[in-house]
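Commentary on secondary and tertiary structure
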Amino acid sequence: MEQNTPAPGLPRLNEPAPHFVAKTTHGDRTLADYKGKWLILFSHPADFTPVCTTEFMGFARNYDKFKALNCELLGLSIDSIFAHLAWVRSIKQHFGVDIPFPIIEDLKMDVARAYGMIHPGAADTQAVRATFFIDPNGILRAMVYYPMSNGRSIDEFLRLLQALQTSDKYGVATPEAWCPGDKVIVPPPKTTAAAEERVTEGPKQGMDVTDWYFSKKSI
């Protein structure tokens, strides 16, 4: 009796990112190669697509900023290495932008399936358009999906990376639209005594206490 292969599920946040071994424009790469660094893995539906071309140039222009934050970039497409190389050369020729990061060849869609990039019912690879933030311990920390019609914001990815790193370093959360230099959110107290202490003592400790559960501070 024939068994149906279950549709791949999405990887889960705060769990180990799926392992991969892949050919890229910079040679073979595995997830283990990035241990000790942050990694942003981002996919696009095909080479020589205009929206993705703008995204690749945006990543390239901000590559040094990501590197300064101990973060590497890794692109992915269902196309071949040869198509990747031709696309990279075309971007250099027509836009004057070098692409400094590797691009995965994923013709068999092994990486795309492992990361849930191809959604069930998709007629073609145009559903492959996702971004994954993986921390230095190989843990998946954030996922962002975009439609075909709209380009991703590289500034937002830089902001999110800095927010994740700030939360890890200081044990805090970041509010809507937080940017480096803004105040952060202090975790709310978990007991009635701690809640009362937050209201009475929090301002003395340099916190802006709006209510027992909502406090901010500078770092």
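This text follows the structure it describes.
The text that follows walks through the structure, step by step, so that each part is easy to find.

Calculation rules
- Residues numbered from 1 in each chain as written.
- Predicted model: local features only at pLDDT ≥ 70, side-chain atom pairs only at ≥ 80, totals over all residues.
- Heavy atoms only, no water.
- Helix = DSSP H or I, 4+ residues; strand = E, 2+ residues; numbered from the N terminus.
- Buried < 20%, exposed > 50% of the residue type's maximum accessible area, 1.4 Å probe, protein only.
- Areas by Shrake-Rupley, 256 points an atom, 1.4 Å probe, with all protein chains shown as cover.
- Lys, Arg positive; Asp, Glu negative; His and termini not counted.
- Charge placed at Lys NZ, Arg CZ, Asp CG, Glu CD.
- Expected span 1.5 Å × (residues − 1).
- Contact = heavy atoms within 4.5 Å.
- Salt bridge = Lys/Arg side-chain N within 4 Å of Asp/Glu carboxyl O.
- Pairing = 2+ DSSP bridges.
- Axes fitted to C-alpha atoms, helices over the stretch in contact; angles between N-to-C directions.
- 1 Å grid on protein atoms, 1.4 Å probe; cavity = no way out; pocket = protein on both sides within 12 Å on 5 of 7 lines; lining within 4 Å.
- Points joined across faces, edges and corners; volume = space filled by probe spheres on them.
- Nonpolar A, V, L, I, M, F, W, Y, C, P; charged D, E, K, R; others polar.

The helix and strand tally for the protein stands at 6 helices and 10 strands. In terms of principal-axis extent, the alpha carbons of the protein reach across some 65 × 55 × 35 Å. Counting every position in the protein, which comprises 219 residues, the buried fraction comes to 43%. Accessible surface computed for the protein: about 12000 Å², of which carbon and sulfur atoms make up 53%. Distance between charge centres in the protein, computed from 23 positive and 25 negative side chains, equals 4 Å.

Between its first and last C-alpha atoms helix α3 (residues 81–95) spans 21 Å; for 15 residues at 1.5 Å apiece the expected length is 21 Å, and the two agree. Among the residues making up α3, those that are buried are Ile 81, His 84, Trp 87, Val 88, Ser 90 and Ile 91. Where the residues of α3 are buried, they touch β1 (21–24), α1 (50–61), β4 (71–77) and β5 (103–105). Gly 96 lies just past α3 and shows a positive phi near 70°.

The backbone of Asn 14 shows a phi angle near 65°, a positive value even though the residue is not glycine. Mapped onto the fold, Asn 14 is located in the segment before β1. A residue is classified by how much of its surface remains accessible, and Asn 14, at 58% relative accessible area, is exposed. One non-glycine residue, Asn 70, lies in the positive phi region at around 60°. Mapped onto the fold, Asn 70 is located in the loop between α2 (63–68) and β4. For Asn 70, a relative accessible area of 29% gives the class partly exposed.

Another aspect to go through is the pattern of salt bridges. Scanning the entire structure with this criterion turns up 9 salt bridges. Among the ionic pairs, Glu 15 bridges to Arg 12, the shortest N-O distance being 3.4 Å. Note on Arg 12: relative accessible area 57%, which makes it exposed. The partner of Lys 204 in a salt bridge is Glu 201, with the nearest N and O atoms 3.6 Å apart. What makes Lys 204 exposed here is its relative accessible area of 66%. One network of salt bridges, in which partners are shared, links Asp 135, Arg 141 and Asp 168.

So, on to the environment of Asn 137. With respect to the secondary-structure elements, Asn 137 resides in the loop between β6 (130–134) and β7 (140–145). Between the C-alpha atom of Asn 137 and that of Lys 37, which follows or precedes it by 100 residues, the distance is 7.9 Å.

This next bit is on the sheet that holds β1. On the basis of which strands lie adjacent, the open sheet formed by 7 strands has the order β2-β1-β5-β4-β3-β6-β7 and mixed pairing. Because the sheet does not close on itself, it has two edges, and the strands there are β2 (27–30) and β7. Across the sheet, the mean angle from the axis of one strand to that of its neighbour is 30°, orientation sign disregarded. Looking at chain direction, strand β3 (residues 38–43) and β6 are connected through 4 bridges and run antiparallel. Residue pairing across strands places Leu 39 opposite Ile 134, the latter belonging to β6.

This part is about the layout of surface pockets. In this structure, the largest pocket spans a volume of roughly 180 Å³. Listing elements by their share of the lining of the largest pocket, those giving two or more residues are β1 and α4 (110–114). Among the elements that line the lining of the largest pocket, the one with the most residues is β1, at 3 residues. Here the residues of the lining of the largest pocket are counted per class, giving 5 nonpolar, no polar and 5 charged.

Reading across the sheet, the 3 strands line up as β8-β10-β9 and stay open at both edges, with antiparallel pairing between neighbours. Of all strands in the sheet, those with a lone pairing partner are β8 (184–185) and β9 (208–211), marking the two edges.

Read these as layout, nothing more, since geometry by itself doesn't imply function.
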